[in-house]
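# Topology and contacts: notes
Now for the letters of each chain:
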Amino acid sequence: MEFRHLRYFLALAEELHFGRAAQRLSITQPPLSLNIQQLEASVGAALFTRNSRGVQLTAAGQAFVPAARALLDQAGQAAREAREVAQGLVGSLQIGFAGTVLYRGLPQMLKGFAAEHPKLRLTLRELSSSDQLIDLMHERLDVGFVHTTRVPTGFSQILVSRQPFVACLPVGHAMARRRRLALRMLQGEPFAMIARAVSPDYHERILGLCADAGFSPEVRYELRHWLSVVSLVAQGLGVALVPAALQQANLPGTVFVPLDAQTPPYETHCLWKTDRDQAALGAFLAVVRAAAQSVHSVG
């Protein structure tokens, strides 16, 4: 039994006339008759009666009509879904993100993507940059937003954003009212920072900034998330150097003071495996590129 047989059967069942059914199918009557005979042989029952008064459905034929329609509908739906997946219109993407990306354009990217591709499902997973690299390599993630310059071979990247570090202080701190401060003024203060195991690049970056300012910070707290760092500072337990975008978190009890000297920026990169062939991924990356270009042009 072939789908062609089902289409021919339904045309004849609706027209009950070989000539009209053949004309509707844009074929001649002989191949229509042959296909109906083949279908009946496959089903094992006569589906039509043919006599001088015309063509009529048998009881078996009447019972076969809804089943034939359902089979064709399912086949059509399957074909449409396959085409949409191939075109990147449906499916799913696993997206990893870390740090401050929620304050540096990711929500806007997701909204724009959802508006253009409503049938594509996005699953977000908050992971450290190190964990994202592992999951990207094992294809448990399709794309990741990371804070690292250590990109393995075989990966492509888009620079999504860059931002300066600022001092994060408790609101009651003696330097909280300054418009700017020199990093060396935080010497001797208890520091909170991202753990080395979570983000070795930026752990080393902060230690390097302090070393350039002439001191080694007293690292008292090492945490997994930037918001945890800021929350700890809000409780008056220490100070921190954090990406400027964390000011948008609006956590009470904290003050963010720019540094008086320019520091290397904190960068966010979008990463994916270069050889990953997935239309949905390509569609998402197009949105990321557009958002990144907009940010860079403004900056």
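A short tour of the structure in this document, coming up. (Residues numbered from 1 in each chain as written. Predicted model: local features only at pLDDT ≥ 70, side-chain atom pairs only at ≥ 80, totals over all residues. Heavy atoms only, no water.)

## Here we look at the packing of aromatic side chains
Aromatic rings considered in pairs are described by the distance between their centres and by the relative angle of their planes. Keep this limit in mind: Geometry of aromatic contacts follows a simple scheme: Phe, Tyr and Trp rings, the Trp one being its six-membered ring, pair when their centres are within 6.5 Å, and the pair is stacked under 30 degrees between planes, edge-to-face over 60, tilted otherwise. Only DSSP runs of H or I with at least four residues qualify as helices, and only runs of E with at least two residues qualify as strands; both kinds are numbered from the N terminus onward. A 1.4 Å probe rolled over the protein chains alone gives each residue an accessible area, and that area as a share of the maximum for its type sets the label: buried under 20%, exposed over 50%, partly exposed in between.
This structure, assessed with the given rule, holds 9 aromatic pairs. Each ring, one from Phe-9 and one from Phe-64, has its centre 5.1 Å from the other, and the planes form 65°; the classification is edge-to-face. Separated by 55 residues along the polypeptide, Phe-9 in helix H1 (residues 3-15) and Phe-64 in helix H4 (residues 59-86) bring together distant segments of the chain. In terms of burial, Phe-9 and Phe-64 fall into one category: buried. Judged by centre distance (5.7 Å) and plane angle (80°), the ring pair of Trp-226 and Tyr-266 falls under edge-to-face. Taken together, the residues Trp-226 in helix H8 (residues 226-234) and Tyr-266 in strand E12 (residues 266-273) connect sequence positions 40 residues apart. Taken individually, Trp-226 and Tyr-266 each receive the classification buried, so the pair is uniform in this respect.

## Looking at the sheet that holds strand E7 (residues 165-170)
Consider a sheet: its strands pair through backbone hydrogen bonds, and that pairing is either parallel or antiparallel. Rule in force here: Following DSSP output, two strands are said to pair if at least two bridges run between them. Helix axes use the C-alpha atoms of the stretch in contact, all axes being lines fitted to C-alpha atoms, and the angles between their N-to-C directions lie in the range 0 to 180 degrees. Contact definition: two residues touch when any of their heavy atoms are within 4.5 Å.
Across the sheet, which stays open at both edges, the 3 strands sit in the order E10-E7-E11 with antiparallel pairing between neighbours. Both edges of this open sheet fall to strand E10 (240-243) and strand E11 (254-258), since each of them pairs with a single strand only. Adjacent strand axes in the sheet meet at a mean angle of 40° when their direction is disregarded. Sheet analysis places E7 next to E11, joined by 5 bridges and oriented antiparallel. Considered in E11, the bridge of Val-166 is made with Pro-258. On the sheet, helix H7 (residues 200-212) packs against E7 and E10 and is oriented at approximately 85° with respect to E7.

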